[in-house]
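Coordinate inspection notes
Given next are the chains, with one letter for each unit.
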Amino acid sequence: VTGSSVSIVLVRKRDDDINQRWTLNKDGSINIKSNYSLVLGVALPPLPPGEDAPPPGYVGVPISLQPRRVAALGAANQCWLWAPVTGFIKAFATDVTDKEITAANKAGVCTYAVTGAQELEQPGYTWAMPTARGSQQAMVCVACARAMRGNFRLTKLNVSIPFSCAMGTLSMKQKGQKFGGSFHCLNGKVDLSTYEAEKTLERWEEQLEQLRKERSVRTIQRQISAVQMVQSLRVLAFRNGEGWFADGMVLVGSSVYGLLEQATHRLNLASAARRIYTADGNLVLDMKEL
């Protein structure tokens, strides 16, 4: 026995043992015939510590006998699908909303982050919310109740009641109540539902693909520029001021910078050549001007 669940073990089949008889219900639960309140459930693995830790997996996790959940949602690990042809049963055979609420309760995230203001039948607690006139009953999800434990008086819901967690509703903000649940740091302004997660992932993938295309275009342009034929020019150069009164030197180059380097050495200049002028006195900034 581990906590409120009992481990399942394989034993030799006995027709007279009532503890080996099971009932598959319409809601997908499988209860032991001797006790309707005990059902088969996948033992949810603990969350690994740290932000960079890999997500928990379900390979090899045990199946245990668990108390049946009262609420219609929040127990995805207790829903099964039996395939008559193969005889196999499939775990987590439920809809996305049920899985989201189950995961939120396990991870300690307010269910308002995945369901919003929609009132759904989920596990929760009643909370005597203090007001100016005394107190008012409000309902919070399992994750928020866990965060509020020890600071407020909470009563577990024993019946299935549709509600939206009070920690994310607008009425709580309008009344100036201080958030005390698991969702207070985000102030109820984020949507962690599967739909929004998929749309966000799709958007980032589109932006990543666009960046890849832009990078590819720039790379191609650089490669084209690198393989373009560079034309070399022969230039007859003179010292500044000597003009045609002295012998010039023939310089060969494909860039202004290369011609300046050659002029420094070939013309025996006292300092490095910095500018090139045409015979008409025009400053040369590009090889096309020669």
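The structure presented is a predicted model; accordingly, all values stated were derived computationally and were not measured. (Residues numbered from 1 in each chain as written. Predicted model: local features only at pLDDT ≥ 70, side-chain atom pairs only at ≥ 80, totals over all residues. Heavy atoms only, no water.)

Topic: the side chain of Ser164
- If you trace the backbone, Ser164 turns up in the loop between strand 12 (162-163) and helix 4 (170-174).
- Here Gly116 takes part through its backbone oxygen, which lies 2.9 Å from a polar atom of the side chain of Ser164. (Helix = DSSP H or I, 4+ residues; strand = E, 2+ residues; numbered from the N terminus. Polar contact = N/O pair within 3.5 Å; in protein donor to acceptor, adjacent residues only side chain to side chain.)

Considering unusual backbone geometry
- You will see that Phe92, though not glycine, has its phi angle at about 55 degrees, which is positive.
- The phi angle at Asn268 is positive, at roughly 50 degrees, despite the residue not being glycine.
- With respect to the helices, strands and loops of the structure, Asn268 is situated in the segment after helix 6 (256-266).
- Its relative accessible area of 60% is what places Asn268 among the exposed residues. (Buried < 20%, exposed > 50% of the residue type's maximum accessible area, 1.4 Å probe, protein only.)

Section: the packing of aromatic side chains
- Taken as a whole and assessed by the stated rule, the structure comprises 0 aromatic pairs.
- The cationic tip of Arg203 hangs over the ring face of Trp204; the distance from NZ or CZ to the ring centre is 5.8 Å. (Phe/Tyr/Trp six-rings, centres within 6.5 Å; stacked < 30°, edge-to-face > 60°. Lys NZ or Arg CZ within 6 Å of the ring centre and 35° of its normal.)

Observations concerning the confidence of the model for the protein
- Looking at the protein as a whole, the pLDDT averages 79, with 82% of positions reaching at least 70.
- Per-element averaging of pLDDT across the protein places helix 4 at the bottom with 49 and strand 6 (residues 80-82) at the top with 90.
- Residue range residues 172-176 is modelled with pLDDT below 50. Its contacts to residues more than four positions away, or to other chains, number 11 contacts. (pLDDT = per-residue confidence, 0-100. Contact = heavy atoms within 4.5 Å.)

Section: the pattern of salt bridges
- Scanning the model with the defined rule gives 3 salt bridges in all.
- Asp16 is the salt-bridge partner of Arg14, the closest N and O atoms lying 3.7 Å from each other.
- In this structure, the salt-bridge partner of Arg212 is Glu209, at a minimum N-O distance of 3.8 Å. A residue pair is termed a helical-turn pair when its members lie 3 or 4 positions apart in one helix, as Arg212 and Glu209 do in helix 5 (residues 194-227) at 3 residues.
- Using a relative accessible area of 38% as the deciding quantity, one classes Glu209 as partly exposed. (Salt bridge = Lys/Arg side-chain N within 4 Å of Asp/Glu carboxyl O.)

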